[in-house]
Amino acid sequence: QVQLVESGGGLAQAGGSLTLSCAASGSTESITGMGWYRQYPGKQRELVADISNDGTINYGDSVKGRFTISRDNAKNTAYLQMSSLKPEDTAVYYCNAGKSYGDYGADYWGPGTQVTASS
């Protein structure tokens, strides 16, 4: 099992910045990647950014050029630097970690943190 705890959410002005952190604990060996998703009320979660063990990064189209994902493997922590925030970035942000169990994999999720960008 992997436990994920997000921190750093809150309120920011549009155009401002916030940095989210996600600390992984528990059985963190064989984590294959970490990422951030967000969810609007009544909508499915959507990819914000993810980073694999080999450093491959993917961003959702709406955040490219504004958000930066990074990872400190020694600390089992992923970060999401959000800048030039827009009101439409307001959502609950969830940390995700993928873990390999050999023949199958599993996804773990944090409880989520609210990000609000006010206009």
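Structure shown above.
I will try to describe carefully the structure that is included in this document.

Thresholds applied
- Position numbers for residues count from 1 along each chain, tracking the sequence in the order it is written.
- With pLDDT at 70 or above as the cut-off, local features in this predicted model cover only qualifying residues; side-chain atom pairs require 80 or more to be listed or tallied, and sums for whole chains, interfaces and linings still use all residues.
- Side-chain figures throughout are based on the complete set of non-hydrogen atoms in the structure, without hydrogens or water.
- Whenever Lys or Arg places a side-chain nitrogen within 4 Å of a carboxyl oxygen from Asp or Glu, that contact is recorded as a salt bridge.
- Every helix listed is a DSSP run of H or I at least four residues long, and every strand listed is a run of E at least two residues long, numbered separately from the N terminus.
- By definition in these notes, contact holds between two residues if any of their heavy atoms fall within 4.5 Å.
- DSSP-based pairing: two strands are paired if at least 2 bridges between them are found.
- For helices, the fitted line uses only the C-alpha atoms of the stretch in contact; every axis is such a line through C-alpha atoms, and the angle between N-to-C directions lies from 0 to 180 degrees.

**Remarks on the pattern of salt bridges**
And step 1. For the structure on display, the rule yields five salt bridges.
And step 2. Shared partners join several salt bridges into a network, and the residues in it are Arg-38, Glu-46, Arg-66 and Asp-89.

**Details of the environment of Ser-21**
And step 1. Along the chain, Ser-21 falls in strand E3 (residues 18-26).
And step 2. Along the primary structure Ser-21 and Met-82 are separated by 61 residues, whereas in three dimensions their C-alpha atoms are 11 Å apart.
And step 3. With residues up to four places along the chain from it excluded, the contact list for Ser-21 reads Val-5, Glu-6, Ser-7, Trp-36, Ala-78 and Tyr-79.

**Side note on the sheet that holds strand E8 (residues 77-82)**
And step 1. The strand order across the open sheet built from four strands is E1-E3-E8-E7, with neighbouring strands paired in antiparallel fashion. With one partner strand each, in any of the chains shown, strand E1 (2-7) and strand E7 (67-72) form the two edges of the open sheet. Each strand axis lies, on average, 15° off the axis of its neighbour in the sheet, ignoring direction.
And step 2. Pairing geometry for E1 and E3, over six bridges, is antiparallel. Its bridge partner being in E3, Leu-4 is matched across the sheet by Ala-24.

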